[in-house]
Amino acid sequence: MTWWHALIDAGAVPAAYTPPPSGGRADAEAGARADLVEGDELQTHPIPDPRIPKTVSFLNGIERWSVVAYDGVIQIVNAYVAAAVCRRDDRGVLHATLEKSRAFAVAPVDRLSPTLRSLLEQAAPDIEPVDGDFVGQPARYLEQVESTVRQARAHLERELAEAATASLGDGEWLVLDGLLSRSPAVARHPRALGVIKSHGAQFLEGRGLERALTLPAGYRTSVFAVRGGHTRTEVYSWYLRLWPWEGNDLLYGLLRVEARADRETVTRASELSSWLSAERAPLATPATRWDRLLYPLHHVEEYLKARAPRSAAVRSRLPVA
């Protein structure tokens, strides 16, 4: 018997944790503040049978980037970001209604040699300049590149979210992958929801945090208000568990939902949770985080991947014969 089997036999919950892959969306920011707005203490609440709205649109985005050339040790990057909104019709089929993309180069333009800078500015119609202070530190430089690409993606998603919410009819909803709170217009819309799969920021502590992280499948937490940095609008939020975490890890199947900071959100939190839980089927495989990815959002992501230029794909590192 291994040492961890002894712990499990003594009452510990079995787990199968695998470190997440690097990259992905950075949706949460440190230092966010949360205040409970439902009850006096964070509790767990069972969700009822689902009532799925008739008309829903889903928004997601993708990002691709790769180093394509060097000027000495300076890495020049080719990047591509895209976002789309897909609306579900009466037959349950998703159709793209809004779409935007951007292909661009990322480079510390001021640090390039005169010849290559001139060629880049002539050949690349869209260049996102970055600070050249880290060119001698490849890892930190690429972190800066990744952040630049993510910001470009977030900008596209915000534009589409604002356009989509502005055109929603009575009773129509928008569900977006990521923070609702980055756009004041979207965050204040009564029928917009943000679904967050990443949990980089800690909103709760003590007993409340323990209850959130050990939330049973088919349950939600109490609603709390989230206030963050200068790019964040106040929203109401809660955690929702789609799949059992026992035998996996604490974040398995765990979503955080954002909605308008309004008393109606508290009243409808269980109803909205049951609807979102129903959207987990069919399974969003083979996506890495399928346990936290609603299938319609996975569909939008696959749609964008299929339309992305081949040059935006990750190139093989195997030697060419």
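What you are looking at is a predicted structure, and each value in this text was computed from that prediction instead of being measured.

This paragraph deals with the overall build of the protein chain. Helix and strand counts for the protein chain stand at seven helices and twelve strands. Here the protein chain, with 321 residues, has 44% of them falling under the buried criterion. Excluding contacts between residues fewer than 6 apart, the proportion of contacts in the protein chain whose partners are at least 24 apart in sequence is 65%. Accessible surface computed for the protein chain: about 16500 Å², of which carbon and sulfur atoms make up 52%.

For the rest of this paragraph, the subject is the packing of aromatic side chains. The relative placement of two aromatic rings is captured by the distance of their centres and the angle of their planes. Counted by the stated rule, this structure contains five aromatic pairs. Relative to phenylalanine 224, the ring of phenylalanine 203 lies with its centre 6.2 Å away and its plane at 35°, an arrangement referred to as tilted. Placement of the pair is phenylalanine 203 in the loop between strand S8 (192-196) and helix H5 (206-213) and phenylalanine 224 in strand S10 (residues 224-227), with a sequence separation of 21 residues. In this pair, the class of phenylalanine 203 matches that of phenylalanine 224, namely buried. Aromatic pair phenylalanine 224 and tyrosine 239: ring centres 5.8 Å apart, planes at 35°, arrangement tilted. With phenylalanine 224 in strand S10 and tyrosine 239 in strand S11 (residues 235-241), the pair connects residues that are 15 residues apart, well separated along the chain. Here phenylalanine 224 matches tyrosine 239 in class, with each residue buried. The rings of Phe203, Phe224 and Tyr239 are connected pair by pair, giving a single aromatic cluster. The aromatic ring of phenylalanine 104 is capped on one face by arginine 102, whose charged end is 4.2 Å from the ring centroid.

Turning to the confidence of the model for the protein chain, a few remarks are in order. Within the protein chain, residue pLDDT values average 86, and 85% of them lie at 70 or more. Predicted confidence for residues 17-23 stays below pLDDT 50, and this span has five contacts to residues more than four positions away or in other chains.

For the rest of this paragraph, the subject is helix H6 (residues 263-278). Here H6 spans 24 Å end to end across 16 residues, near enough to the 22 Å set by a 1.5 Å rise per residue. At alanine 269, H6 shows its strongest bend, of approximately 55°. Listed as buried for H6 are Thr265, Val266, Ala269, Ser270, Leu272, Ser273, Ser274, Trp275, Leu276 and Ser277. Measuring from the side-chain oxygen of the N-cap residue of H6 to the backbone nitrogen of glutamate 264 gives 2.8 Å; that N-cap residue is aspartate 262.

Now for the environment of tyrosine 141. Relative to the assigned elements, tyrosine 141 resides in helix H3 (residues 138-166). With 67 residues separating them along the chain, tyrosine 141 and isoleucine 74 place their C-alpha atoms 9.1 Å apart. Setting aside residues no more than four positions away along its own chain, tyrosine 141 makes contact with Gln75, Val106, Ala107, Pro108, Val130, Phe134 and Val135. A distance of 2.5 Å separates the side chain of tyrosine 141 from the backbone oxygen of glutamine 75, its partner in a polar contact.

With 43 residues, the main nonpolar core has Val106, Leu174 and Tyr239 as its most contacted residues. Looking at this core, the elements that each hand over two or more residues are strand S4 (74-88), strand S5 (94-107), H3, strand S7 (173-177), helix H4 (184-187), S10 and S11. Considering every element that reaches this core, the biggest residue donor is H3, with eight residues. Residue contacts for leucine 174: discarding those within four places in its chain leaves Ser57, Phe58, Leu59, Val85, Ala161, Ala164, Thr165, Leu168, Arg191, Ala192 and Leu193. In this structure, Trp173, Val223, Trp238 and Leu297 belong to the second largest nonpolar core, which totals 35 residues.

In this section: the pattern of salt bridges. Applying the stated rule across the entire model yields 26 salt bridges. In this structure, lysine 100 engages glutamate 159 in a salt bridge whose closest nitrogen and oxygen atoms are separated by 2.7 Å. Taken together, the residues span a long stretch of sequence, with lysine 100 in strand S5 and glutamate 159 in helix H3 at a distance of 59 residues. Of the residues examined, lysine 100 reaches a relative accessible area of 36% and is grouped as partly exposed. A salt bridge links arginine 150 to glutamate 146; its shortest N-O distance comes to 3.3 Å. Within this pair, arginine 150 and its partner glutamate 146 are both found in helix H3, separated by four residues, close to a single helical turn. Through salt bridges with shared partners, a single ionic network connects Glu63, Glu146, Arg150, Arg153 and Glu157.

Take unusual backbone geometry next. For the bond from alanine 281 to proline 282, the omega torsion is -5°, close enough to zero to count as cis. Inspection of the secondary structure puts proline 282 in the loop between H6 and helix H7 (295-307).

Criteria and cut-off values
- Within each chain, residue numbers correspond to sequence positions counted from 1 in written order.
- Confidence filtering applies because this is a predicted model: local features only for residues at pLDDT of at least 70, side-chain atom pairs given and counted only at 80 or more, and all residues used for totals across whole chains, interfaces and linings.
- In computing side-chain properties, one takes all heavy atoms of the structure into account and sets aside hydrogens as well as water.
- Per the convention used, a helix needs a DSSP run of H or I reaching at least four residues, while a strand needs a run of E reaching at least two, with both numbered from the N terminus.
- Accessibility here uses a 1.4 Å probe with only protein chains present; expressed as a share of the type maximum, an area under 20% marks a residue as buried, one over 50% as exposed, and anything in between as partly exposed.
- The contact definition used throughout considers only heavy atoms, calling two residues in contact when any of these lie within 4.5 Å.
- For the area figures, the Shrake-Rupley method with a 1.4 Å probe applies, and any residue is considered shielded solely by the protein chains shown.
- Any Phe, Tyr or Trp ring, taking Trp's six-membered ring, that has another such ring centre within 6.5 Å forms a pair; planes under 30 degrees apart are called stacked, those over 60 apart edge-to-face, and the others tilted.
- Whether a charge sits over a ring comes down to the Lys NZ or Arg CZ being within 6 Å of the ring centre and within 35 degrees of the ring normal.
- Residue-level confidence of the predictor is summarised by pLDDT, bounded by 0 at the bottom and 100 at the top.
- Residue count minus one, scaled by 1.5 Å, sets the expected span of a helix.
- Fitting one axis to the seven residues ending at a residue and another to the seven starting there, the bend at that residue is the angle between the two axes.
- Counting of polar contacts relies on pairs of N or O atoms within 3.5 Å, with two restrictions inside protein: one atom must be capable of donating a hydrogen and the other of accepting it, and residues adjacent in sequence are counted only when both atoms are side-chain atoms.
- Each nonpolar core is a collection of buried residues, namely Ala, Val, Leu, Ile, Met, Phe, Trp, Tyr and Cys, held together in the definition by side-chain atoms within 4.5 Å.
- Here, a salt bridge means any Lys or Arg side-chain nitrogen found within 4 Å of an Asp or Glu carboxyl oxygen.

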